[in-house]
Structures are given as structure tokens and as C-alpha cells.
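# Coordinate inspection notes
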Amino acid sequence: MTLNPFVIFFAAIFTNNMILSNFLGMCSFIAVSNEIKTSFSLGEAVTFVLGFTSIINYLIYHKILVPLNLEYLRYIVFIIVIASFVQLVEMIIDRYFETLYYTLGVFLPLITVNCAILGVSLFMIIRDYSLIQSVAFSIGSGLGWTLAIVAMAGIRQKIKKNPIPKGLEGPGITLIITGIMALAFIGFSGIVQIQ
Amino acid sequence: MREIIITVATISSISGVLAFLLSLANKTIGNYGEKTVTINDEKDYIVEGGETLLSALIEENIFIPSACGGKGSCGYCKVKVLEGGGQFLPTEKGYVTEEEREQGIRLSCQCKVKENMKIEIPEELFNVEQFETTVTKMEDLTDKIKLVRLEFQDGKEMDYKPGQYIQILTPIYKESFEEIYRAYSITTPPSSKNAIELFIGYAGGICTTYVHDYLKEGDPLSIVGPFGDFQYREGDKEMVMVAIGTGMAPIMSILRYMAEKGIDRKVTFYFGARTRSDQYMMDELEELKEKLPRFELKLCLSRPTEQCNWTGEVGRVTDLLEKFEENGENKEAYLCGSPPMIDAVIPILKDKGFKEEDILYDKFE
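Because the structure is a prediction, the values reported are computed rather than measured. (Residues numbered from 1 in each chain as written. Chains lettered and ligands numbered in written order. Predicted model: local features only at pLDDT ≥ 70, side-chain atom pairs only at ≥ 80, totals over all residues.)

## So, the packing of helix H3 (residues 36-65) of chain A against helix H7 (residues 115-126) of chain A
Residue and element names in this part refer to chain A. At a minimum axis distance of 9 Å, the contact between H3 and H7 shows a crossing angle of 40 degrees. Considering their axes alone, H3 and H7 lie oblique with respect to each other. As H3 runs across H7, the sense of the crossing is right-handed. Only Ala116, Ile117, Val120, Ser121, Met124 and Ile125 of H7 make contact with H3, whose side of the interface consists of Val46, Val49, Leu50, Thr53, Ser54, Asn57, Tyr58 and Tyr61. Partitioning the contact of H3 with H7 into residue classes produces 10 nonpolar, 4 polar and no charged. (Axes fitted to C-alpha atoms, helices over the stretch in contact; angles between N-to-C directions. Helix = DSSP H or I, 4+ residues; strand = E, 2+ residues; numbered from the N terminus. Parallel < 35°, antiparallel > 145°, perpendicular 65-115°, else oblique. Left-handed = near helix turned anticlockwise from the far one by under 90°. Contact = placed C-beta atoms within 7 Å. Nonpolar A, V, L, I, M, F, W, Y, C, P; charged D, E, K, R; others polar.)

What follows is the structure, encoded as C-alpha cells:
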């Protein structure tokens, strides 16, 4: 069954949200969701890196690894590609796009080890997507990730003023809220499924 | 066989290409050329651009205090940046207050040298040097605290004030892959210029593990120092000292200094430990009473056991302070130990009338 790229794009945002249905990329999701502005920048950075690495990884997988029967190397190859791509982009942004560096660049090193990014590259292989489907999936996943972290930052900014039991402050309450958000997102799951 | 060769060749060539791209980028994009850093409007230093300010200054032998080794997690390496340095980064936010930010205070481990810069640092940081030392004594004070004596090589000497600290440069060893700096207070009085002693407690960290499990007598060790505003203050105010664990270290330096100089001030030292076996240096503290006629030692144990045979005070130093201290208006306090202890003691002292500027403390993190 070939899915329409738009369906994949939509599903990656809502029904198969990286954070809320796959629980990937949790570390930076919890660490950097204090403020809407910074979490939005991080979301942008994730979307950007996702979009490019999925294309590179797709090409490397299908043009190099598959012909050589080395599919099992995909984990290590994808990680290397993501890490060096992030490094490279950080250097370029740092040098030539100063304002962008302050909003987006400083977050790039955080993303190198973001499992959502490796997850997307692996999902597109497992689900046998074409290049266009992969791009739609990765950008959709990035936007979905951004949506989730910005929503979380909004909630966290609001609850800052509320009295939270001491033991639950910070990551504790964030995880609970994530769970509730995930439950809410299950409501979307009837629309489309791309598993 | 063929498969193994193909696998190895593929991985190597992919990583090779990426590594080549990265080093090419580092040579071209990451190369900012030489930049000038002007410190305190007097000294100019030519440094390699693109690095962080902290590491650029270390290369010029100027050591800004830093406990985390430039990861942006301790907040010690603040400097005042007057020109250059770019925008304030989100990674600095947690450590630099709004007020400091307006004055241009930055974390030197986050701010990169991409253009010529003008900065201000305290004058005494120019005195900070790296010293090569030899470990000449390692002694167990308790089962968790070691006394380490370091003698400076090549007859070098260090000038320091009682209460200051140095940083140990922990080398790469079996359980750590990077060099890191960790701070320890000096316990010797300033008259001991060619050797210093430290109390190092075992806490499971990179440096304490190195000292406790790997370092031996005769080994070399690099240190950087001296640092710190937690210093003995001249004057005739009554002194109240509070310490737990290795927090005794800088206080020991101050007491030894006072004994040497024959300074006659009223001093009360509150020292808290868990059990009797966690108390150390007790003999020397008793001896100090002879040299300092108005020195009083108040001890407490928080969890004395049967074997302790303890007849003294039971509880924490905060309980002791509540019980014995009063009328702090004309007194000076020196607090040293874990952050929770200090955070608990400060409000008690303020209640007793101590003025904020007369409460000095050194938090051991």
C-alpha cells in the first residue's frame, strides 16, 4: 500500500507524533521546555536537521548500503551522518548567520544525540518509504515534535505560578503532563494510521 | 571474508569522507584568524579566534576559576566583557543574573572569541599560575577524608591568603577520558609557601576517585591557583566559624595563620560530623587552644553510635548555633561545607543579628 505523502505528513504531526506516540526525543523535550521562545527555536532546529539528514540517510541507505548488502550497518552509519551533519551545520551557522546562531545554533549540539532524529531515519527504512514520502515524514515529524514541545512549554510557563508538590517539580510534573498530552493525542489516532 | 572487507571498507570510507569534510570546514569556516583580547585596558593578548574565551585565556596562562571544566554547568568563570563576545547566549541564562547581564558579565566558557575583545578581570587573577607539584604525603584522616601534601617542584613558591583554594588538574586516567579542574581549599597557613596541604573527601567524582584510588606518594600533580574571596579578614570582631566534613580545610588555614601571628581574637569554631570516626584533626585543634587563648571549639555529632561513647552535643551545627550563639551584631561568620548546610545556617545567623556583609561562606559542591 503506498500512502499519499500528504497523509504521511499529517499523520507524522498528529497521529504518529514522535514524542506523544513514540516517546522519542524525550531528553531535550524535558530539558528545554521551560520557555516557549527557546523551545520553538529548538523545534525549528530539530525540523531542519530532520529534513536534511533523512534525505542524506535515504540516499546513503539506498545507493550504498542496499547494493552492498550492508543494511545491518544502518544504525552506525545513520548516527555518524547525523553527528557530522549537525557539526557542519553548526559551524556554518556560527560563522555566517550570526542572528540565527543565537536562536538556533546553540541548540544544534543538543540535537546530535536526539533519538527522534535517528528514529525518523530508521522508521522510513522499516516502513519502506520512497524519497518523497520520507521527506514528508521527516518534516512532519519535526513539526509534530515542535508542536509538542511548544505546547509543553506553554503549559509549563502557566504552571510556574502554581504550587506543585516539591517532589514533583521540574521533570516529574513534566512527565505526568506528557502522559496526559499523549492520552489527548490518542483522540487523533482514528483519523489515519501509518504504522 | 569478502563481506568483512566490504563492511570495513564501507564504514571507513563513509567516516573518512565525513571526517575530511569536517576538518576541511574546521580549517576554512571555523578559522577566525588571530584576535586580540585586551584585559583591564593594559595588557593585550593575541589568541587563536574561534575558541571559547576561557580556553583562549588558559593558553595565555590566565586562569579564570572554573569548576566544571568549561561545560557551562558551574557558573564560576564569569568575566566582564566590555567589547566583543557577541550576544548573550541561552546557555548562560541560568548562571548570570539580569543585573550582572547589564554590566556585561558573561560566562567565559560559553562566549567565543570571534572578534577583538576587551574584558575586565580581577587583578589578582594575574597572580594565578599553574604549579607542578609532587605528592609527598597521603594520609587517611578518616575513612573518607585524605590529607594530601603537595610540594612545589623547582623551588617555586605560591603566595596565598588564608581561606583561598586551588584547583587540581585531574589527568586522564582509567575511569576518565578528559582532563578536568576541581577546586580544593588550602589548609596550610600562607607561611608555608613551598608546600600546601589539602583535605580531600571521597565523593565518587572524577577527581576524588583519582585522588583516593590512583594517586600515590611521589606522583606529580598539576595545580592552578590561588583563587577565592573567602579569606581571613583583619579586624577585631569576634569570629564564628562553622564547618562540616572537609569544610574544615580553609578554616584550618585561617586558624593556623592566626596562631602563627599570635592574633588574639575571640573565635568559636562549630564543627559537625556524623560519628566520632568522622572527626579529624582534633589533636591539632586542642593544641591551637594553647596558642589562641580565646579559641573555643564546639563539636557535635549528628548520628553518634554506641561505640562513640559520646557525651557531647548531639545534633547538627544548626542546632548548636541556635543553642549557643546570640547577639551577632558585632561578629563575623565564616561558613564552609556543603551548600545545604550553608543555606540552612545563613538564615539562623541573620536571625541572631549577624549582618549580611559579615557572613562569609565557601560552598563545596
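## Describing the confidence of the model for chain B
Predicted confidence across chain B gives a mean pLDDT of 86, with 99% of residues reaching 70 or more. Here the complex is predicted with pTM 0.61, and the ipTM for its interfaces comes to 0.78. (pLDDT = per-residue confidence, 0-100.)

## Here we look at the sheet that holds strand S12 (residues 238-244) of chain B
All names here are of chain B. What the 6 strands build is an open sheet, ordered S15-S14-S13-S12-S16-S17; its pairing is parallel. Looking along the sheet, the strands with just one partner apiece sit at the ends: strand S15 (313-314) and strand S17 (359-363). Inspection of the sheet shows S12 paired to strand S13 (residues 267-273) by 6 bridges, in the parallel sense. Bridge assignment links Met239 to a residue of S13, and that residue is Val267. Against the sheet, helix H7 (residues 317-324) engages S12, S13, strand S14 (295-301) and S15, with an angle of about 130 degrees to S14. (Pairing = 2+ DSSP bridges.)

## Remarks on the pairing of strand S5 (residues 117-120) of chain B
Residue and element names in this part refer to chain B. The alternating pattern of S5 places Met117 and Ile119 on a buried face, while none of Lys118 and Glu120, on the opposite face, is buried. Where strand S1 (residues 34-39) lies against S5, 3 bridges are found, and the strand directions are parallel. Residue pairing in the sheet places Thr38 in a bridge with Lys118 of S5. Direction of pairing for strand S3 (residues 78-83) relative to S5: antiparallel, over a ladder of 3 bridges. If you follow Val81 over to S5, its bridge partner there is Ile119. (Buried ≥ 20, exposed ≤ 12 C-beta atoms within 10 Å, placed from the backbone.)

## Overview of the sheet that holds strand S7 (residues 145-152) of chain B
All names here are of chain B. With antiparallel pairing, the 6 strands of this open sheet are ordered in space as S9-S8-S11-S6-S7-S10. Each of the sheet's edge strands pairs with one partner strand only, and the pair in question is strand S9 (180-185) and strand S10 (195-201). Strand after strand, the sheet turns through a mean of 40 degrees between neighbouring axes, direction not considered. For strand S6 (residues 129-140) and strand S11 (residues 220-227), the ladder comprises 6 bridges, and the chain directions are antiparallel. Residue pairing in the sheet places Thr133 in a bridge with Leu221 of S11. Against the sheet, helix H4 (residues 206-214) touches S7, strand S8 (165-170), S9 and S10, its axis set at about 80 degrees to S8.

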